[in-house]
Amino acid sequence: MNGFIKYPRTPHLPWSPGATSDDAYLADCGCFAGREVVVTEKMDGENTTLYRGGLHARSPDSRHHPSRDWVKALHGSICAEIPEGWRLCGENVYARHSVAYAALDSYFYLFSVWDGSNQALGWDETAEWASLLGLSLAPVLWRGAWDEAALRSLAEEIDTGVQEGYVVRVADGFGYDDFSRSLAKWVRPHHVQTDQHWMHAPVVPNELKPPSEDESES
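Notes on the structure follow. (Residues numbered from 1 in each chain as written. Predicted model: local features only at pLDDT ≥ 70, side-chain atom pairs only at ≥ 80, totals over all residues. Heavy atoms only, no water.)

### Some remarks on helix α2 (residues 123–133)
Since the α-helix advances by 3.6 residues per turn, residues separated by three or four positions end up pointing in the same direction. Three or more residues of α2 are buried, namely W123, T126, W129, A130 and L133. Looking straight down α2, one finds its buried side chains confined to an arc of 115°; they lie on one side. Opposite the buried face of α2, by more than 90 degrees, sit the exposed residues E128, S131 and L132. Count one or two residues on from α2 and you reach G134, which has phi positive near 70°. (Buried < 20%, exposed > 50% of the residue type's maximum accessible area, 1.4 Å probe, protein only. Helix = DSSP H or I, 4+ residues; strand = E, 2+ residues; numbered from the N terminus. Arc of directions from axis to C-beta.)

### Quick notes on the packing of aromatic side chains
Summed over all chains, the structure comprises 11 aromatic pairs. Between the aromatic rings of Y7 and F179, the centroid separation amounts to 5.2 Å while the plane-to-plane angle is 85°, which identifies the pairing as edge-to-face. Here Y7 is found in the segment before β1 (36–42), whereas its partner F179 is found in the loop between β10 (174–175) and β11 (183–187), with 172 residues between them in sequence. Chaining the aromatic ring pairs together yields one cluster made of Y7, F111, W114, F174, Y176 and F179. (Phe/Tyr/Trp six-rings, centres within 6.5 Å; stacked < 30°, edge-to-face > 60°.)

### With respect to unusual backbone geometry
Where the residue is not glycine, phi is negative for most of them; where a peptide bond is considered, it is trans in most cases. Unusually for a residue other than glycine, N118 sits at a positive phi of about 65°. Within the element layout of this structure, N118 appears in the loop between β5 (108–114) and β6 (119–120). Take N118: its relative accessible area is 22%, and that puts it in the partly exposed class.

### Regarding the nonpolar core
Ranked by internal contacts, the top residues of the largest apolar core, which has 30 residues, are L13, W15, F32, W146, Y166 and V168. Mapped by element, the contributors of at least two residues to this core are β1, β5, α3 (148–157), β9 (165–170) and β11. No other element matches β9, which puts four residues into this core. If near-sequence neighbours (up to four positions away) are discounted, L13 is found in contact with Y25, C29, F32, W146, Y166, V168, A184, K185 and W186. (Core = buried A, V, L, I, M, F, W, Y, C linked by side-chain atoms within 4.5 Å. Contact = heavy atoms within 4.5 Å.)

### Side note on the sheet that holds β1
On the basis of which strands lie adjacent, the open sheet formed by four strands has the order β8-β1-β9-β11 and antiparallel pairing. The sheet is open, and its two edges are formed by β8 (140–145) and β11, each paired on a single side. Neighbour to neighbour, the strand axes of the sheet diverge by 20° on average, direction disregarded. In this sheet, β9 lies alongside β1 in antiparallel orientation, the contact comprising six bridges. Considered in β9, the bridge of K42 is made with G165. (Pairing = 2+ DSSP bridges. Axes fitted to C-alpha atoms, helices over the stretch in contact; angles between N-to-C directions.)

### Considerations on the pattern of salt bridges
As a working rule, side chains carrying opposite charge can pair if their charged atoms are close by. For the structure shown, the criterion picks out nine salt bridges. Where E84 meets R52, a salt bridge forms, and the shortest distance between an N and an O atom there is 3.8 Å. Remark: R52 occurs in the loop between β2 (46–51) and β3 (54–57) and E84 occurs in the loop between α1 (69–78) and β4 (87–92); sequence separation between them is 32 residues. In this structure R52 comes out as partly exposed when scored by relative accessible area, which is 36%. In this structure, E148 engages R152 in a salt bridge whose closest nitrogen and oxygen atoms are separated by 3.0 Å. Here the residue E148 and the residue R152 both occupy positions in helix α3, the gap between them amounting to four residues, near one helical turn. (Salt bridge = Lys/Arg side-chain N within 4 Å of Asp/Glu carboxyl O.)

Now the structure itself:
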């Protein structure tokens, strides 16, 4: 696992109701003031990092689990296109956790790309990599100059029955050491809504969108 890097923990926005006693909050949102931000849907899956030479869940020492077989196959199909020393971070949503998805574009949603100097690319460059590799991008819910009132209002529009929350990040690139000043999340209250941890239960796949007529005929 040499060279593998753990994805940092994302702090909660001050108005996020879903934090636990172990989670960190932003004391204030001054780090976003005057900057363009992108807000994406927080998918209910497993944080996963893909490298040219391997992959892992949030922890680089994560063990085998059948819910990871699909993303391992995806990795095998694109790993040669990942530059040496770079990594792709996204959400593996193959297995149902607390949200039951019924119309996914894919079982993997890309949300950041890190280059060989441990810098996260800007959002537009991230989108270019998603297009280049044929990956789905985390759904964008809002984009614009930082506006706390607008982001607080967005929380009221989240359908907590089918959406876990949202993540706000600066649109520009940023360094690994600036992570906690560049991203934050809003998570629904009681976001874990299952009695048994998903890793200790039978794997129930989420559902993909049915193919379009054109795709069905090809």
